[in-house]
Amino acid sequence: MSSHQSKMRVENLKKHFTANQGLLDRLLSRGDREVVKAVDGVNFDIREGESFGLAGESGCGKSTLGKTLLNLHDSTDGSIYFDDADITTQTGREDIAFRTEAQLIQQDPFNSINPRYKVFDWVKEPLDVHSLGTRDERTDLVMETLNEVGLRPAEAYASEYPTELSGGERQRVGIARALVLNPSFLVADEPVSMLDVSVRASVLELLNRLKEERGLTTLFISHDLSLLKHMCDRIAIMYLGQIVEVGPARQLINDPQHPYTEALVSSTPIIDPDVERERIRLEGEVPDPINLPSGCRFAPRCPKVMDECWDEEPRMYDVAEEQEARCILHDEAHADKDVSVGGAQATSD
Amino acid sequence: MLNIENLHAHYHTDEGTDVHAVDGVDLEVGSNETLGLVGESGCGKTTLAKALIRLLPTNGEIVDGSVNFKETDLTELSDEELRKQIRWTEISMIPQNAMNSLDPVHTVGAQIVQAIRTHEDCSKEEAWNRTRELFEELGLDENRVKDYPHQFSGGMAQRAAIALALCLEPALILADEPTTALDVVVQDQILTMVSELQDEIDSSMIMITHDMSVVSETCDKIAVMYGGNVAEYADSETIIKNPRHPYTLGMRNAFPDISKDTQELISIPGSPPDLIEPEEGCKFAPRCPFAQDECREVTPEPEEFEEGHVVRCHRADEVEYLQEEASKRETWAEMKDDQGDLISATDGGTDE
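So, how was this worked out
Residues numbered from 1 in each chain as written. Chains lettered and ligands numbered in written order. Predicted model: local features only at pLDDT ≥ 70, side-chain atom pairs only at ≥ 80, totals over all residues. Helix = DSSP H or I, 4+ residues; strand = E, 2+ residues; numbered from the N terminus. Pairing = 2+ DSSP bridges. Contact = placed C-beta atoms within 7 Å. Axes fitted to C-alpha atoms, helices over the stretch in contact; angles between N-to-C directions. Parallel < 35°, antiparallel > 145°, perpendicular 65-115°, else oblique. Left-handed = near helix turned anticlockwise from the far one by under 90°.

Participant: Looking at this structure, how should I read unusual backbone geometry?
Facilitator: Glycine aside, residues mostly have negative phi, and peptide bonds are mostly found in the trans state. In this chain, R152(A) is followed by P153(A) through a cis amide linkage whose omega measures -5°. Residue position: P153(A) is located in the loop between α5 (135–148) and α6 (154–158). Of note in this structure, S131(A) is not a glycine but carries a positive phi near 45°. Inspection of the secondary structure puts S131(A) in the loop between α4 (119–129) and α5. Positive phi values are uncommon outside glycine, yet D202(B) reaches one of about 55°. Positionally, D202(B) belongs in the loop between α7 (184–201) and β8 (204–209).

Given below as structure tokens:
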């Protein structure tokens, strides 16, 4: 892994929130404050120029992780190295520099744009905030960026209010606002989940093209594995605040090595009526991250659970080339057991 | 069992114009059959479902056509008759957002009991017992019948909404994006369970969704809607593997499939029509790479090709040419140029 240039490296990152207590409990200061461990010891490495996918069910902590990576949440513990500088310890000027380098594309194109701003002003605002360029330079840059994201002719779109635009166009405005500062790293949190299918593909194409042309490194957060398989070089699967499996996108989807990944893949519906998927039924839903089970966090829902799973939290095991999974089925002690959790998904092409 | 003929439903606007949300729909649903209604937002799929049980908002109106359900024309019934005889007992709806459709000030169980007792003559105790059974069948803990909706997770609330829709064993279930808000694991659990229950109580279902993979797996027949019309209607396998309408072909290109290793996603340029006082001509023509003069001037009528495969397209007989050309990126990219002001839908960037 060392042969690749790292763009963002995360070490033992934690983000805990304290749950709200009732007023009475607080006044009498009784009871311990409950802690939601939204991100709880995450390690990964996003390489320069790659598209890295982060998947998991709602409540697994993927959006919190995305926001923590952008320093929008203060981390509870751990380090985030961006271009080899630890951003969790940065202050003042350094932090401002990071904020132009890393940008967020939001999920909801309808509510994430201030309706009182014209497209031009909305895209220009980050330049004003960071006091970049002269007035004319800013105007030119905004127009160029609008063109680049496919809002052409830029002059016509610039004077529109967001309410006059379609969902796809609004999402492009959001992308333009993220790009105008010429970032090198993007976090795209479910960038197309609110768009119609026929428009979705065009926004994905745009993101792919920007990645090629600008050499952007992108973190895609989505629950849609079909989409991540299509868009990403590598995928990490998150469960209850931890990464349970990481690997090259196609390899991970076609041959998952963690029972949770396997279940996620097998739950994803397939269009092609000729491909029969092997169904793995998981019971229940993601449990509340306040009272975590001891041992493996997935054990209560795992179809392959064994007695040892409850003993201690499993570490990450190397399971294939560049692929790691957090499951003791891959421990040497279980070498005789059936570890071939993979092959849930038949492939056809 | 359900036969919709030439249904037109309009929304009146403040400007005095009409939005032709459902614009001449013909559809059939057989007993114990699941029909998938797919299309983008604004194509009229939800309006169609609401028009069937006449739950349109106050500015909406059925202006023409008939809805024949078990030999009764629902459009002829009075509101009173429809409410007493049809809604819930015969046709019920599973809403998209369960959390908002449950009453926050009553327990979930009480809402189901109320529904049962409003329509059927049964004792309180019997109704509660049935509610508990339903909870069990839907994978909910029966001890939670007396919980309020806010104590449920999204998945549980959706199950409760399904319990509410199925409690009177209706003959037809209208499921409006029943799992869109849920994660795949829960979606899979719920879809499997709904189809099992559907078999058990022997009802038909209309499943409204924009997700091609969901309809492909759960539905017997699929109707692809565009601009208030059914663009193409056939059994699921035909729609997925052998579609004739350029819109269906385009939708297939745009949808990522997890079972494919390499797939070029191609979008359909432009956006859906607004349906305000539509003009003559095919509604898909402005976005269709195969549109000819005829398409822009004459509205295509539904035409049956193979048995049960109905397509509304002037060029549907050129199926091989359409399928061949529609799979190419250039086809959809080139047409954008003569549209000028469209956002560049298909420039650059491939999967590989």
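Participant: What is the right way to look at the sheet that holds strand β4 (residues 77–82) of chain A in this model?
Facilitator: Adjacent strands of a sheet pair through backbone hydrogen bonds, lying either parallel or antiparallel. All names here are of chain A. Spatial strand order, β2-β1-β4-β5: four strands in an open sheet with antiparallel pairing. Each edge of the open sheet carries a strand with a single partner, namely β2 (35–47) and β5 (85–86). Two elements, strand β1 (residues 6–18) and β2, share 10 bridges in a ladder whose sense is antiparallel. Pairing of L13 across the sheet is with V42, part of β2. Across the face of the sheet, helix α2 (residues 62–69) comes into contact with β1, β2 and β4 while running at roughly 65° to β2.

Participant: Would you mind going over the packing of helix α4 (residues 108–119) of chain B against helix α6 (residues 154–166) of chain B with me for this structure?
Facilitator: Packed helix pairs are specified by the crossing angle of their axes together with the interaxial distance, meaning the distance between the axes. Residue and element names in this part refer to chain B. At a closest axis distance of 9 Å, the pairing of α4 and α6 adopts a crossing angle of 15°. Here α6 runs roughly parallel to α4, going by the angle between their axes. Viewed along their axes, α4 and α6 form a crossing whose handedness is right-handed. Residue-level contacts link V108, Q111, I112 and A115 of α4 to A160, A163 and L164 of α6.

Participant: When you look at the pairing of β4(A) in this model, what are you seeing that I'm missing?
Facilitator: Along any regular strand, the residues point their side chains to alternate faces of the sheet. Residue and element names in this part refer to chain A. When β1 meets β4, the two strands line up antiparallel, connected through five bridges. Of the residues in β4, the one forming a bridge with K14 is D77. Bridge count between β4 and β5: two bridges; the pairing is antiparallel. Looking at the pairing, F82 lines up with A85 of β5. From the end of β4 to the start of β5, which pair antiparallel, there are two residues, and D83 there has a positive phi angle of about 50°.

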